[in-house]
Amino acid sequence: QYSMMALAIIAMFVASITAIFQENLKRMFAYSSVAQIGYIILGLSFASQIGLAASVIHLFNHAIIKCAIFMGLGCIALRAGVSIRDINGLGYRMPWTTAPIVIGGLGLIGIPMTAGFISKWYLVRAALELNMWPLAILIVLSSLIAIIYVWRFVEAAYLKPAHEKNINIREAPLSMLLSLWILALASIYFGVDATTTLSMALDAAENLLQGESK
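Here the residue numbers are simple positions, counted from 1 along each chain's written sequence. This being a predicted model, a pLDDT of at least 70 is required before a residue's local features are given, and a value of 80 or more before pairs of side-chain atoms are given or counted; all residues contribute to the totals for chains, interfaces and linings. Note that water and hydrogens are dropped before the side-chain values are worked out from all heavy atoms of the structure.

Student: What am I meant to see in the overall build of the chain here?
Tutor: Strands are runs of DSSP state E lasting at least two residues, helices are runs of H or I lasting at least four, and both sets are numbered from the N terminus onward. Secondary structure summary: the chain contains nine helices and zero strands in total. What you see in the chain, going N to C, is helices and strands ordered as α-α-α-α-α-α-α-α-α. This radius of gyration counts C-alpha atoms alone. The globule rule is 2.2 Å times how many residues there are, raised to the power 0.38. On C-alpha atoms alone, the chain measures out to a radius of gyration of 18 Å, which is about the 17 Å that the 2.2 N^0.38 rule sets for 214 residues. If you line up the chain on its principal axes, its C-alpha atoms span 65 × 30 × 25 Å. Contacts were defined at the residue level, with two residues in contact if any of their heavy atoms lie within 4.5 Å. Sequence-distant contacts in the chain: of pairs separated by 6 or more residues, those separated by 24 or more amount to 81%. For accessible areas, the Shrake-Rupley method is used with a probe of radius 1.4 Å. Any residue's cover is judged against the shown protein chains and nothing else. In the structure as shown, the chain presents an accessible area of about 10,200 Å², 69% of it carried by carbon and sulfur atoms. Of the side-chain charges in the chain, 13 are positive and 10 negative, and the distance between the mean point of each set is 11 Å. Positive charge is attributed to Lys and Arg, negative charge to Asp and Glu, and no charge count is given to His or to the chain ends. Every charge is mapped onto a representative atom, which is NZ of Lys, CZ of Arg, CG of Asp or CD of Glu.

Given below as structure tokens:
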């Protein structure tokens, strides 16, 4: 149990810090995925119903969030490239593409009313339930690190002047944008109304624990 906790915390912090220094956007968010797996492992290590439920629901929520982000990056790669320098000013040239990526980024941070908030809140609850309040603090701190690399995307897309090559860039095809926005809105929906996902995750956790006790 404690070995899993230690490895999970290492993944959460090392991967998030490594993501900050990436120039390639795909690599940046790939390291973010390693950090998110750390949260999932941490929930499993608690071996409690709330901890297991947090892991189950984070598997679902992270899949939605990261699919939205990588689909958005695919749209950007189609028009500009995947380097952080390639997206300067794209927030105004491709607003319907960049906005869902920002929504996904907010989910990675765990901002309320996003899917990521629900699973991280349950991770904190699981830590507090076991009187492991230092772990609860570490969960919050590691989530705050995500602000830095998400901000790098926001800064480049919205606050830096566009490259000359980006001036005439068009939005991604409608077929890609529709799928992208479905995922982004799903991230918000499951952050506002998590009744179904939480119920299923808690039932799954209870069944896992009952199976282990037998």
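Now that the structure has been shown, we can carry on.
Student: How should the side chain of T197 be read in this particular structure?
Tutor: Tracing the sequence through the fold places T197 in helix α9 (residues 195–213). A polar contact of 3.2 Å, which involves the side chain of T197, links it to the backbone oxygen of A194. With near-sequence residues (within four places) excluded, T197 lies in contact with I57, F60 and F190. Two N or O atoms form a polar contact when they lie within 3.5 Å of each other; inside protein one atom must be a possible hydrogen donor and the other a possible acceptor, and for residues adjacent in sequence the pair counts only when both atoms belong to side chains.

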